[in-house]
Structure formats: C-alpha cells, structure tokens
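Secondary and tertiary structure notes
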Amino acid sequence: MRSSCTSDSQGMFTKTLFLFGRHLTFLVLICICSSTLYAQEPETEKPEAEKKEEQREKKAAGVESILPKPLIVINFASVERILSDIDFIFELAGRPEIAEIASASLSNVNDLEGIDRNKNLGVELYLKTGLLPQPVPTLYLPIKKVRTFLDTLEILIPGDEETIKKSQDRDDLYILDGRRGTSVIRFQEDYVHMLFQGVENETSLDMIASRDFGDPSQKLQDLTSAYDLAFKIDLNAIPELMRTTFLGFFRTAIETQLQQRDGESKAAYELRRMSGKQNLENIEYFLTEGQEMVFGGRLEKEEKRGIVDMLIKARPNSDLARAVKNIPGKASYFSVITSRENLPLAVSASMNIARRDRLIYQKYLNYFEKQLSGKLLTEEERLQNTSSIQQFFSPVKTMVDKGHIDVFTQLVSTPTKKFALIGGIKLAPSSNLPASLLDIINRVDQLPDNKLNIYTNAETVQGIALHQLQPESKSADDKQQRFLGGVPSLYIGADNEVIWFAMGTEIAVAALNEAIETINTATPEARKEQRTAPVQMEFHIRPWLNLFSEAEIQESGIMAILDTTFQPGNDLILVTTQPTETGVRTRIRFDEGYLKLLGISIAKRFDRNQERKLDQQHKRAREIEKNLGIDDK
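Read on for an overview of the structure.

Criteria and cut-off values
Residues numbered from 1 in each chain as written. Predicted model: local features only at pLDDT ≥ 70, side-chain atom pairs only at ≥ 80, totals over all residues. Heavy atoms only, no water. Helix = DSSP H or I, 4+ residues; strand = E, 2+ residues; numbered from the N terminus. Contact = heavy atoms within 4.5 Å. Areas by Shrake-Rupley, 256 points an atom, 1.4 Å probe, with all protein chains shown as cover. Phe/Tyr/Trp six-rings, centres within 6.5 Å; stacked < 30°, edge-to-face > 60°. Buried < 20%, exposed > 50% of the residue type's maximum accessible area, 1.4 Å probe, protein only. Lys NZ or Arg CZ within 6 Å of the ring centre and 35° of its normal. Patch = residues over 30% accessible without salt bridge, like charges linked within 9 Å, V, L, I, M, F, W, Y side chains within 5 Å. Salt bridge = Lys/Arg side-chain N within 4 Å of Asp/Glu carboxyl O. Lys, Arg positive; Asp, Glu negative; His and termini not counted. Charge placed at Lys NZ, Arg CZ, Asp CG, Glu CD. Pairing = 2+ DSSP bridges.

Structural notes on the overall build of the chain
When helices and strands are tallied, the chain shows 23 helices and 20 strands. For the chain, contacts bridging at least 24 residues in sequence account for 70% of all contacts bridging at least 6. Accessible surface for the chain amounts to roughly 33,300 Å². Of this, 52% is attributable to carbon and sulfur atoms.

Written out as structure tokens, the structure is:
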C-alpha cells in the first residue's frame, strides 16, 4: 500500500475546494445584494383595494425570492444507523455501556416516538434573495404518526411558552407560536418540514406553507445509501448572475491585495503575485466548471474502518470534467517501491497534468530558473543557452510539457528504528542532468553567504553519485537524535532521467540504495503495474511509537493509550485521489485503531464529566452540612 500526495494538478482541486468554502459566506453576501438592488420611487397614497392587491402580489413575489433549490444539505442516513455507529465505536473501545447510556437518554425526548428511525433526516439551507442575504434553514424529519410526533416535538422544544396548533385552513399545516416568533410545520410525503426558530419572516413562512419539497428519501437517496452523514453544496443552486457578480468583486479585491508591499523584495513579490493569481483562476475555474461538492462519512463495520470522502462533481461536458477523467497516467517508474507497506509516511503521484495547469507550472519553472540564474551565473553566462541551470531545467520543463508527473517520497523506518527520508522525481531523459546538477552544487558552495558544508561525490548508490549538503551544526538536538539518529544531511544525485534525494544520517544513503536496487532488479512486468491510486498518501502510527522506550511510553498517559490501541494492521490512514464518472474523489480511510481511539477519548471525557458531577454533589453536601452545623465527624 502506499501513500500518495496530492500532485500539482490534483492539489488545485483540493485548494480550490477549501478556498471556495472560505469565501462561500462572502459570495452569498455580495452576490445576493448585487443582484437585487433596484431603484425605488416615492410612495403615493393608493386606494385600499389596490393596497390589498399589492400585498398579495408582494406575498407571491416573496415566495419566489427564495431560491428554488437548497444551497446546502446536511443529511443523516437514519437515527438507527447513527445509533448503530455509536454502538460500534464504543464496542471497539471496550465501553459498550456508554452506548447504552446514549440510547437510554432518548427516553428524555419521548424515545423519538412518531419519528421514523429508519429513514433519512437532516437540514436544507435555502437562500432568500433580498437586500440583505438571509439563510432559510429548514429541518426535514421522517414521520410515522403525526399526533405522536407533535407530542415528541413539544418535549424537544425548550420553554413552556410555545404552543402548537393546527392551521384552520389546511390539514397539513401546524403553527408553532412562542417567544421568538411563529413557525410553520408542514407535513408532506411522510416528512415534516419546519424552520429553525429565530429565522421566521413572512417570506420564509410562506415558503414552508407553499413549496413542494419532494420526498427527501427519494431525492437524497444517493447520499443516504453512500454515507451515514453527508454535507452537500449544490453550486447549481447559485444563479449565474450571482456567480458573475461575485467573481467580478472577488477579482478586484484580490488584485488590490496583490500590490507590492513596503519592504517586499521584487522576487518575493513576483512569487506572491503568481500564487495569488493562480488561486483566483482556480476559484473562477471551479465556480464556472463545478456542479456540486459532497463531504460524506460512513463506518464499514465488517472491515472495521471509517471512510471520509470529498467529492467534486463537474458540469457535464465541461473542461473540468475532461481534465479529471484524464488524471490517471501510466504506471509509475517507482511503482515497485511505492507499494511497500507499513511505512511511517509515504506519498506518491503518477498522473496526467491538465493542459491549463501546464502553462501555470511552466511559469513557476521559468521564475525559479531566472532566480537561480541571477544568483549563480555571471551576466555573460546568463546570455548563453548552454548553462548548467538551463540544462537542469530543460528536462523538468519537458516533463511538464508532456503532461505527466511521476514522483515519490517516503519516510522509511530503518533496522535501527530511526527514520530516513528518501524520494525521486522522474524527468524527461537527459544525458546532461548529472553534470548540470554537479555544477550547480559547486556554484552554491562558492557563494560568499553559503553556510552549508558541501561534499560533492560524497556517496555512491547503484552507480549514482550523491552530493552531501550538511548543516554547520555538529551536534544533534533531542528530536534529531530520536527520529533520525543524528544531525541530518541532504544527499542529492541524478542519473539520466531521475533526480534522487535522501535526508538523514548515513542510514538514509543505505535506504535510498535499497530502493534504487529494488527498481533496477524488478521485472519489466512488475515495473509496468500501477499499484496505487494516481495520487496517494499513507500514514502508519505504529513505527512512530517504536521510537520511544517502554518506560517513556508508560510514563505518558497519552502514549500508553496509543501503544495499547495501535498495532500493526490497524494503524493505517490512507488518502487517495481518483477520478469518478462525473468528477474527482479524495478518500480518507481510517483503520480500526483510530475508531477505537475515538471511542476511548469520548469515554474518558464522559468519565471526567461524571467525576466532576460527583465532586460538585459532594461539595454541595458538605456546604449543607456546614450550614446545618453538622460536624464532619
């Protein structure tokens, strides 16, 4: 198994996703305001009949001012599935009584009588298009018996001032009156739809009373069948005018922030500006090409693991849809070693780069080539086309032009239980690569401000010369000694098509030598086999615990819990990114140990709360005894 890191192209999707989430609230604010402003004329006195007619028209228009589709949906598969998940987690933790207490607590809310505990429930967030943005969150619950549900609802609602009454005009409506206003409870398709208290207004109340919400068990069937809990953002619910208005405002704001700052160097400013523009382009690209995002989680009880998915669905026939479909590339050059198991940390990527991304990456390569040339070359050398820096960057640029990236890096646990970092980057074949790398390192060594001890051709692995870059420090600190076994050096070398590197003590060189030897001796069939996802990352916690002695582990309460919880075979976190039929999916898989740790953590918090309550009860008892003059004896 292997871990793979999000490669440049895939990282774009992930970064875009988080950036979009960060600005989502801002999007709603700006776009709704912009799309609903209009000129107002002074009011004149009108006949009473005309005023009533206008009120009816405004009421109808108010319903239409709420967007027809929910922007956000939070969906729970069912009450029973959630309770089953709770039982499973505490059973793994060896504390099934906590789950029993959680189930028994439902008696405080009438055991949720009247609610169908085997159907999905959740929240839909609509948007009201007005001068000020207003979210309209509505709760949907599956109902078995209306009267029994209303009895349960009265128990759930806090306070004694709320009353629930049936509408005089319709059988499917109930009115909830209370301190914070009036809400409408609507029954439709064996479901009840109701507002959260505190967001009521005439428009939202009308929406609850008149809108056809459909059957949540049918329209959200995909989310319910795939996930115990899911969070969906529907980009199609945002009108095109809102998107366009927001993007125009956002583009202006970003451009303003990308001005050069006082005291900022030209090189730092150029890099920051390129990065800012790329982020802006990614957001624009996602808003125009994306259709929806889904975050979903579930427990797979037979396999004893948890799954969390992040899905991006592209618009049909869009550039994004074509780009993500082509993510998988040929088998990785490093495939035979990226399939090794039980590594503390491993990241790999063998994937195609979308055409639009190649231009972006070429800009970055040109920037770094220019900066390195300015630092290491004379003015005359910069005018030539045969410098070592140009020869070094040429195969890198060719790799990007061909549209395929192939990299790996691994944190390896050595026989001494110390770690070493190794990795490689596959480039377009070039016989000049080893010599150009050597020349660049020699030029770095000659810089007056260089603070590294550099040893060229310090080590040789499988016929490849490694150059050692060592920090000035001669003594390792506690962390370096524990994890790496001493002061770490960077070892870097190249053959005609790969840049190899290792970081650590001399054990890192041995680890890199073993990896390259495994590749060189593998059969052609084995090297052609794609053993991992296009982008993958793997993390095992057990090798990290092996860095500590038994005494150190027992002295630490947290370390002792981790040591008993995690064993080889239950300590994996696996992150993979792969295309789907409609977009791209990043999946995080948690092995049994992490679910067990979650149950243990919640159980310990529960125990602390119980102890705190007992302490408070004893304290109150002592105070009462003191006030009554009762001697402690």
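Quick notes on the packing of aromatic side chains
Applying the stated criterion across every chain, the model contains 16 aromatic pairs. Centre to centre, the rings of Phe419 and Trp544 are 4.9 Å apart; their planes meet at 85°, and the pair counts as edge-to-face. Of this pair, Phe419 sits in strand S13 (residues 419–426) while Trp544 sits in helix H20 (residues 542–545), and the two are 125 residues apart along the sequence. Take Phe419: its relative accessible area is 1%, and that puts it in the buried class. In this arrangement the basic side chain of Lys301 is found over the ring face of Phe88, its NZ or CZ atom lying 6.0 Å from the centre. The ring of Tyr285 carries Arg356 above its face, with NZ or CZ at 3.9 Å from the centroid.

Brief notes about a positive patch on the surface
Together, Lys604, Arg605, Arg608 and Arg612 make up a positively charged patch on the protein surface. With respect to the helices and strands, the residue Arg612 is situated in helix H23 (residues 592–627).

Points about the pairing of strand S12 (residues 404–413)
With seven of ten residues buried, S12 is to be regarded as a mostly interior element. Relative to S12, strand S11 (residues 345–352) is paired through eight bridges, and the arrangement is antiparallel. Across the sheet, residue Ser350 finds its bridge partner in S12, namely Asp406. Bridge analysis of S12 against S13 gives seven bridges, and the strand direction is antiparallel. Bridge pairing in S13 places Gln410 opposite Ile422. Connecting S12 to the next strand, S13, in antiparallel fashion are five residues, including Lys417 with a positive phi near 70°.

Observations concerning the pattern of salt bridges
Within the structure shown, the criterion is met by 27 salt bridges. Notably, a salt bridge pairs Glu497 with Lys426, separated by 3.1 Å at the nearest N-O pair. With Glu497 in the loop between strand S16 (489–494) and strand S17 (498–504) and Lys426 in strand S13, this residue pair connects regions lying 71 residues apart in the sequence. According to the relative accessible area criterion, Glu497 is partly exposed, its value standing at 26%. Owing to a relative accessible area of 18%, Lys426 belongs among the buried residues under this scheme. The partner of Asp439 in a salt bridge is Arg443, with the nearest N and O atoms 2.8 Å apart. Here Arg443 and Asp439 lie together in helix H16 (residues 433–445), a separation of four residues that amounts to about one turn. Given the relative accessible area of 27%, Asp439 is considered partly exposed. Ionic contacts of the salt-bridge type, sharing partners, join the residues Arg95, Glu97 and Asp607 into one network.

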